[in-house]
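Understanding the architecture of this molecule
Take a look at the letters that make up each chain.
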Amino acid sequence: MIVTLFTQVLIMFLLAGVGYVMYYCGKISNEGSKSLGNILICVSLPCVIINGFQVEKTAETMAGLLLSAVAAGIVLFLSIVIARLFFRKDAIASFAGAFSNPGFFGIPLIVAALSQGDVFYIAAFIAFLNMLQWTYGVAIMTNEKKSLSIKAVLKAPSIIAIIIGMVLFLTGMRLPFVASRCIEFIADLNTPLAMFSIGVYLAQTDVGQMLKRKSLYFISVIRLVLIPLVAMGVLCILPEQYQEMKLAVLIAAACPVGSNVAVYAQLHNCDYTYAVQSVVISTALSVVTLPVIIQLAMMVW
């Protein structure tokens, strides 16, 4: 599994390189980059989530889903607390440290290292993360206590996809062949488009200035090392027979800074460059940390 994981991370970085070159050569513009993001958030990621729910409903998968939801809630709560403790006066760092990238980065790794079916174990993680970003995340970025409405959260494409997936899973319904194949094809776009976006972020960054910014490495240590170790400790409590579920949640928790930090920073007139740099540095360092964290978990469990 470790070889598969490491190989997958390297492949994803090569894909990011394609995005970098395309932007550098003027083949992807800033407007084009936003369009890529819209395709990812509104179409590709929801299809990946729905596809992940196309598994047989059994007592074991039901229990795994419930346990994974509880584990996700605890891990995300602890992630927020840890990030806030270390970055109380830095909204970007607090957001970046707390929230990983389970949709764009975690799902492809889970599919490669485990299976497509194991994606549904992080459905709750993705749902909670999106809701927390749009409420708590917005609050710390704007320094306001008010948050987005529940209606706005429920209209998020990823939340809608989780609801559809849950209905399909709980009822045992299966999509028609044509619809299912269409969703699979769109879901396959998730990894390359997500990594193209990361490459575009990198192309817009002053690499020299970024590498000298010490706070970025501190954010990465919290996001890639401390929080995954805490998550590993929480997951140790769960029974051994849910090994795949535990690994899926751990991968989601150990992913680099979520690219949404850049989206929200830009939306709320915060330090967009700093946000982008936190994504790039943590993503680069995750090539080393992710395989190590997963190997350590397998030894402990």
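Residues numbered from 1 in each chain as written. Predicted model: local features only at pLDDT ≥ 70, side-chain atom pairs only at ≥ 80, totals over all residues. Heavy atoms only, no water.

Here we take up the packing of aromatic side chains. All chains considered together, the criterion is met by ten aromatic pairs. Relative to Phe-120, the ring of Phe-53 lies with its centre 6.0 Å away and its plane at 70°, an arrangement referred to as edge-to-face. Placement of Phe-53 in the loop between helix 2 (30–52) and helix 3 (59–86) and of Phe-120 in the loop between helix 5 (102–113) and helix 6 (123–142) is noted, with a sequence separation of 67 residues between them. On the accessibility criterion, Phe-120 (2% relative accessible area) is buried. When the centroid spacing of 5.3 Å and the interplanar angle of 70° are considered together, the rings of Phe-87 and Phe-218 count as edge-to-face. Of the two residues, Phe-87 sits in the loop between helix 3 and helix 4 (91–98) while Phe-218 sits in helix 12 (residues 214–235), which places them 131 residues apart along the sequence. The partly exposed category is assigned to Phe-218, whose relative accessible area is 38%. Three or more aromatic residues link up through ring pairs in this structure, and these residues are Phe-53, Phe-120, Tyr-121 and Phe-169. The positively charged end of Lys-246 is found above the aromatic ring belonging to Trp-301, 4.6 Å away from the centroid. (Phe/Tyr/Trp six-rings, centres within 6.5 Å; stacked < 30°, edge-to-face > 60°. Helix = DSSP H or I, 4+ residues; strand = E, 2+ residues; numbered from the N terminus. Buried < 20%, exposed > 50% of the residue type's maximum accessible area, 1.4 Å probe, protein only. Lys NZ or Arg CZ within 6 Å of the ring centre and 35° of its normal.)

What follows concerns the pattern of salt bridges. Note on pairing: side chains with opposite charge can pair once their charged atoms come close. Taken as a whole and assessed by the stated rule, the structure comprises two salt bridges. Across the salt bridge formed by Arg-213 and Asp-271, the nearest N and O atoms sit 3.7 Å from each other. Separated by 58 residues along the polypeptide, Arg-213 in the loop between helix 11 (207–211) and helix 12 and Asp-271 in the loop between helix 14 (260–267) and helix 15 (272–300) bring together distant segments of the chain. (Salt bridge = Lys/Arg side-chain N within 4 Å of Asp/Glu carboxyl O.)

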